[in-house]
Amino acid sequence: MSIMPLEFEKPIAELESEIQKLKVKSSSQKIDMSEQIASMEATLQETRNDIYNNLTPWQRVQIARHTNRPFMLDYVFHAFSDFCELHGDRHIGDDHSMPGGFARIGDQRVVVIGHQKGRDTKENLKRNFGSAHPEGYRKALRLMKMAERFGLPVICMIDTPGAFPGIGAEERNIAEAIAFNLREMTLLKVPILACVLGEGGSGGALGIGVADRVLMMENAYYSVISPEGCAAILWKHRKHAPEAAEAMKITAPDLGKLDLIDEVIIEPKGGAHVDHAAAAESFKAVILKQLAEVQALSTEEMLDARYDKYRQYGEWCGE
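Quick caveat: nothing in here was measured; it's all calculated off a predicted structure.

Asker: Sorry, what's going on with a nonpolar patch on the surface here?
Answerer: Together, Ile-233, Leu-234 and Trp-235 make up an exposed nonpolar region whose accessible area comes to about 310 Å². Looking at the element boundaries, Trp-235 is found in the loop between α10 (227-234) and α11 (241-248).

If you want it as structure tokens, here you go:
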């Protein structure tokens, strides 16, 4: 799969292209160019490390939106087994932007729910660009309640620019659907883990984001508003989005320092889009570890800890 480089990745792409040309020349002309190739490969590795070890918040936002980044169903394919998708909210219909169902991760049976984007126009129209309708959130809650009846943990995977803001969604009460989920998830008597895979946009993310453990992929972001939206409000122009991303502290490393998330899941060098299987392996290991910690608590301890977790958000302990 050919991956289009982002703007800041172009020095890496140029070096890779030069190395490939040298290899072709060496092979076709029977010339020993191993020293030159080795030297350029060392330069490539140094350049790659320099770029990815010093990513700006805006660069992480760009990676989070990469069209080749693994989406919810990619993680289901690589990290879970025996996935059985369930459909419909039993009120309006089925929202394809919020798939969910029974699955197994390791030896653990779970219910998995998440936002799903598309990679081409046809799939994006089907998945509504990852922006769920009210029936998506109501389906998610129906599956959570089913998980509670069967005593199964819930794994939520967040990847949305936000809930769908259209007239139809407003007519079917998108705000109420999200708010109802917030309340019910605080009371759910089974473990809940939520992981931001890419974009974690506003209430659309929170609608399946109340959890005992909130995790983030290394190059994901979680925010009340997009950097472009913030820039348009504060600076009256979207060109200031990089400044907004820096000021808002929306990336996984920043949110980890603020204790707003529980763990950052390390991605392969270059981002999850360069190796879906490796990203899913990291995801699976952290999910199983965090799930074991939550399952060690009694139901009462788990609910108290969940309540305390969200009560302490926003507390200021400055001097």
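That shown, we press on.
Asker: Explain the packing of aromatic side chains here, please?
Answerer: Centre distance and the angle of the planes are the two values used to describe a pair of aromatic rings. One pass over the full model with this rule turns up five aromatic pairs. Ring geometry for Tyr-75 against Phe-283: centres 5.1 Å apart, planes inclined by 50°, an arrangement best described as tilted. Linking Tyr-75 in helix α4 (residues 72-79) with Phe-283 in helix α13 (residues 276-295), this pair joins segments that are 208 residues apart in sequence. By way of ring pairs, the aromatic residues Tyr-75, Phe-80 and Phe-283 are connected into one cluster.

Asker: What is the right way to look at the side chain of His-133 in this model?
Answerer: Considering the arrangement of structural elements, one finds His-133 in the loop between α5 (121-127) and α6 (134-150). Those residues in contact with His-133 that lie beyond four places of it in its chain are Asp-95, Ser-97, Asn-128, Phe-164, Arg-172 and Ile-174.

Asker: Just checking my understanding: could you explain the environment of Phe-83 for this structure?
Answerer: If you trace the backbone, Phe-83 turns up in strand β1 (residues 81-85). For Phe-83, a relative accessible area of 28% gives the class partly exposed. It is 9.8 Å that separates the C-alpha atoms of Phe-83 and Leu-73, two residues lying ten residues apart in sequence. Discounting chain neighbours no more than four positions away, the residues touching Phe-83 are Leu-73, Val-76, Gly-100, Gly-101, Phe-102, Ala-103 and Val-112.

Asker: It is not clear to me how helix α1 (residues 10-28) should be interpreted in this structure. Could you clarify?
Answerer: Turn by turn, an α-helix covers 3.6 residues, leaving residues three or four places apart pointing in a common direction. In a regular helix each residue adds 1.5 Å, so 19 residues correspond to 27 Å; α1 covers 27 Å between its end C-alpha atoms and thus fits that length. Ile-12, Leu-15, Ile-19, Leu-22 and Ser-26 are the residues of α1 that are buried. Down the axis of α1, the sector holding all buried residues measures 90°, keeping them to one side. Exposed and oriented more than 90 degrees from the buried face of α1 are Glu-14, Lys-21 and Ser-28.

Asker: How should the pairing of strand β5 (residues 192-201) be read in this particular structure?
Answerer: Look at any regular strand and the pattern is simple: side chains alternate between the two faces of the sheet. Of all ten residues that make up β5, ten are buried, and the element is covered over most of its length. Strand direction decides the pairing type here: strand β4 (residues 154-160) and β5, joined by six bridges, are parallel. Residue pairing in the sheet places Ile-155 in a bridge with Leu-193 of β5. Inspection of the sheet shows β5 paired to strand β7 (residues 221-223) by three bridges, in the parallel sense. Its bridge partner lying in β7, Gly-201 is registered against Ser-223.

Asker: Sorry, what's going on with the nonpolar core here?
Answerer: One recurring pattern in soluble globular proteins: nonpolar side chains tend to sit buried together. Core analysis: the largest hydrophobic core is formed by 63 residues, its most contacted members being Tyr-75, Phe-80, Met-144, Val-154, Met-157, Met-217 and Phe-283. When near neighbours in sequence (up to four residues on either side) are disregarded, Phe-283 contacts Tyr-75, Ala-79, Phe-80, Ile-155, Met-157, Cys-195, Leu-197, Met-217 and Ile-265. Of all hydrophobic cores here, the second largest spans 13 residues; its members include Ile-12, Ile-19, Met-33 and Leu-55.

The rules behind these values
- Residues numbered from 1 in each chain as written.
- Predicted model: local features only at pLDDT ≥ 70, side-chain atom pairs only at ≥ 80, totals over all residues.
- Heavy atoms only, no water.
- Patch = residues over 30% accessible without salt bridge, like charges linked within 9 Å, V, L, I, M, F, W, Y side chains within 5 Å.
- Areas by Shrake-Rupley, 256 points an atom, 1.4 Å probe, with all protein chains shown as cover.
- Salt bridge = Lys/Arg side-chain N within 4 Å of Asp/Glu carboxyl O.
- Helix = DSSP H or I, 4+ residues; strand = E, 2+ residues; numbered from the N terminus.
- Phe/Tyr/Trp six-rings, centres within 6.5 Å; stacked < 30°, edge-to-face > 60°.
- Contact = heavy atoms within 4.5 Å.
- Buried < 20%, exposed > 50% of the residue type's maximum accessible area, 1.4 Å probe, protein only.
- Expected span 1.5 Å × (residues − 1).
- Arc of directions from axis to C-beta.
- Pairing = 2+ DSSP bridges.
- Core = buried A, V, L, I, M, F, W, Y, C linked by side-chain atoms within 4.5 Å.

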